[in-house]
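# Structure assessment
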Amino acid sequence: MSVSIRLARGGAKKRPYYRIVVANSRAPRDGNFIEKVGTYNPLVAKDSPERVKLDVEKIKEWLAKGAQPTDRVLRFLDAAGIVSRPARNNPKKGVPGQKARERAEEKAQKAAEAAEAAQAAAEAPAEAAAE
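Presented here is a report on the structure given in the accompanying data block. (Residues numbered from 1 in each chain as written. Predicted model: local features only at pLDDT ≥ 70, side-chain atom pairs only at ≥ 80, totals over all residues. Heavy atoms only, no water.)

## What to know about the overall build of the chain
The condition that has to hold: Helix and strand assignments come from DSSP, with helices taken as H or I runs of at least 4 residues and strands as E runs of at least 2, each series counted from the N terminus. To sort residues, take the accessible area from a 1.4 Å probe on protein chains only and compare it with the maximum for the residue type: under 20% means buried, over 50% means exposed, and anything in between is partly exposed. Here a residue-residue contact requires only that any non-hydrogen atoms of the pair lie within 4.5 Å. Residue-level accessible areas treat just the shown protein chains as cover; the underlying method is Shrake-Rupley with a 1.4 Å probe. Charged-residue counts in this description rest on Lys and Arg as positive and Asp and Glu as negative, His and the chain ends being excluded. Charged groups are reduced to one reference atom each: NZ for lysine, CZ for arginine, CG for aspartic acid, CD for glutamic acid.
Regarding its fold elements, the chain presents 3 helices and 5 strands. Each helix and strand of the chain, ordered N terminal to C terminal, gives the series β-β-β-β-α-β-α-α. Overall, the C-alpha framework of the chain stretches about 95 × 30 × 30 Å when taken along its three principal axes. Counting all 131 residues of the chain, 21% fall into the buried class. Sequence-distant contacts in the chain: of pairs separated by 6 or more residues, those separated by 24 or more amount to 28%. In the form shown here, the chain has an accessible surface area of approximately 9800 Å², with 50% of it arising from carbon and sulfur atoms. Of the side-chain charges in the chain, 26 are positive and 17 negative, and the distance between the mean point of each set is 15 Å.

Set out below in structure tokens:
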């Protein structure tokens, strides 16, 4: 059985509140879980100690048994100093998508055409004055 440490959503509509639970990875997000090991309240200020509460001993036990934390829970555990989270690198993150590149090319092409037209218009009166 694959076990994960993950968030289970609770709270009202537009007022999220999460339990940090140990659950079978195939169980539904808000379904059955094995054990509750903490809470997360995203509506509280980031510097508040009430935002993330963890039961460190239980988490360490489950990690020793092979439970895999999700990325968000791993961030919490890294902030608490329980586990170190490896740095990630996504070099394609800042690259614009296909349609954005097409729009940029069209814009550059139109700007070049406008510059050529302006240059041609500036040369035409100079030629007329020379005659």
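From this point, things continue past the structure.
## Focus: the side chain of S4
Note on placement: S4 falls in strand 1 (residues 3–12). Apart from the residues lying within four places of it in its own chain, the contact partners of S4 are V21, V22, A23, S25 and Q68.

## Regarding the nonpolar core
Put simply, the rule is: We define a nonpolar core as any set of buried Ala, Val, Leu, Ile, Met, Phe, Trp, Tyr and Cys residues linked to one another through side-chain atoms lying within 4.5 Å.
I5, L7, I20, V22, V37, W62 and V73 are the most contacted members of the largest nonpolar core, which totals 15 residues. At the level of elements, strand 1, strand 2 (15–24), strand 3 (35–40), helix 1 (56–65) and helix 2 (71–80) are the ones that each hand at least two residues to this core. Dropping the residues within four chain positions of it, V37 is found in contact with I5, I20, V21, V22, K53, L54, D55, K58, I59 and W62.

## Focus: unusual backbone geometry
In this model, K14 sits at a positive phi of 65 degrees, which is unusual for a non-glycine residue. Secondary-structure assignment places K14 in the loop between strand 1 and strand 2. Take K14: its relative accessible area is 71%, and that puts it in the exposed class.

## Observations regarding helix 2
Stated precisely, the cut-off is as follows: An arc is given here, and it is the one of the directions from the helix axis to the C-beta atoms.
Among the residues of helix 2, those classed as buried are V73, L74, F76 and L77. End-on, the buried residues of helix 2 take up no more than an arc of 160 degrees, which puts them together on one face. Residues of helix 2 that are buried in the fold lie against strand 1, strand 2, strand 3, strand 4 (52–54), helix 1 and strand 5 (68–69). Positive backbone phi, approximately 85 degrees, marks G81, located one or two places after helix 2.

Purely spatial values, then, with no claim about function.
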